[in-house]
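Survey of secondary and tertiary structure
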Amino acid sequence: MSQTVVLKVAMPCEGCVGAVKRVLGKMQGVESFDVDLKEQKVTVKGNVEPEAVLQTVSKTGKKTCFWGADEAETAKA
């Protein structure tokens with residue numbers, strides 16, 4: 001089932017955006033994604049599990065959490 005996952009990812013530069021795009025491009029089930037450097041927002045669409053997307057993006061070493069999530073729920077690589 002296709003769904004949309006929105007994450008807040010600490011990306012201070014274009015290099016960080018590239019790292020996030022690389023891991024999402026390799027992730028199975030991803031149909032499309034948008035990385036917004038200004039908003040620090042990553043939107044992923046596809047046949048994916050939200051937790052799997054969070055874990056995949058966290059592997060870049062960037063501070064990652066679900067959009068609108070509490071700071072206490074922030075995941076780190």
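The rules we used
- Residues numbered from 1 in each chain as written.
- Predicted model: local features only at pLDDT ≥ 70, side-chain atom pairs only at ≥ 80, totals over all residues.
- Heavy atoms only, no water.
- Helix = DSSP H or I, 4+ residues; strand = E, 2+ residues; numbered from the N terminus.
- Buried < 20%, exposed > 50% of the residue type's maximum accessible area, 1.4 Å probe, protein only.
- Contact = heavy atoms within 4.5 Å.
- Areas by Shrake-Rupley, 256 points an atom, 1.4 Å probe, with all protein chains shown as cover.
- Pairing = 2+ DSSP bridges.
- Expected span 1.5 Å × (residues − 1).
- Arc of directions from axis to C-beta.
- Phe/Tyr/Trp six-rings, centres within 6.5 Å; stacked < 30°, edge-to-face > 60°.
- Lys NZ or Arg CZ within 6 Å of the ring centre and 35° of its normal.
- Axes fitted to C-alpha atoms, helices over the stretch in contact; angles between N-to-C directions.

Turning our eyes to something else, we now look at the overall build of the chain. Helices and strands together make up the secondary structure of the chain, namely two helices and four strands. Counting the 77 residues in the chain, one finds 35% classified as buried. Summarising the internal contacts of the chain: among those between residues at least 6 apart in sequence, 56% fall at separations of at least 24. Entry remark: accessible area of the chain is about 4,700 Å², with carbon and sulfur atoms responsible for 48%.

Quick look at the pairing of strand 2 (residues 30-36) now. A regular strand carries its side chains on alternate faces of the sheet. Alignment of strand 2 against strand 3 (residues 41-46), held across six bridges, turns out to be antiparallel. Paired with Phe33 across the two strands is Val44, which belongs to strand 3.

Attention now moves to helix 1 (residues 14-26). Taking 1.5 Å of rise per residue, 13 residues should cover 18 Å, and helix 1 covers 19 Å from first to last C-alpha, within 8% of that figure. Listed as buried for helix 1 are Cys16, Val17, Ala19, Val20 and Leu24. When helix 1 is viewed along its axis, its buried side chains cluster within an angular range of 160° and face the same direction. Away from the buried face of helix 1 by more than 90 degrees, exposed residues Glu14, Arg22, Gly25 and Lys26 are located.

This next bit is on the pairing of strand 1 (residues 3-9). Of the strand pairs in this sheet, strand 1 and strand 3 are connected by six bridges, and their pairing is antiparallel. Bridge pairing in strand 3 places Thr4 opposite Lys45. Pairing of strand 1 with strand 4 (residues 64-66), which is carried by three bridges, proceeds in the antiparallel orientation. In the sheet register, Lys8 faces strand 4, and the bridge partner there is Cys65.

Turning our eyes to something else, we now look at the packing of aromatic side chains. Evaluation of the coordinates by the stated rule reveals zero aromatic pairs. Here the basic side chain of Lys41 rests over the ring of Trp67, its NZ or CZ set 4.8 Å away from the ring centre.

A few words on the sheet that holds strand 3. Paired through their backbone hydrogen bonds, the strands of a sheet run either parallel or antiparallel. The strand order 2-3-1-4 describes an open sheet built from four strands, whose pairing is antiparallel. Taken across any chain shown, the strands that pair with only one partner, and hence form the sheet edges, are strand 2 and strand 4. The sheet shows a mean angle of 25° between the axes of neighbouring strands, direction not considered. Helix 1 rests against strand 1, strand 2 and strand 3 of the sheet, and its axis sits at about 170° to strand 2.

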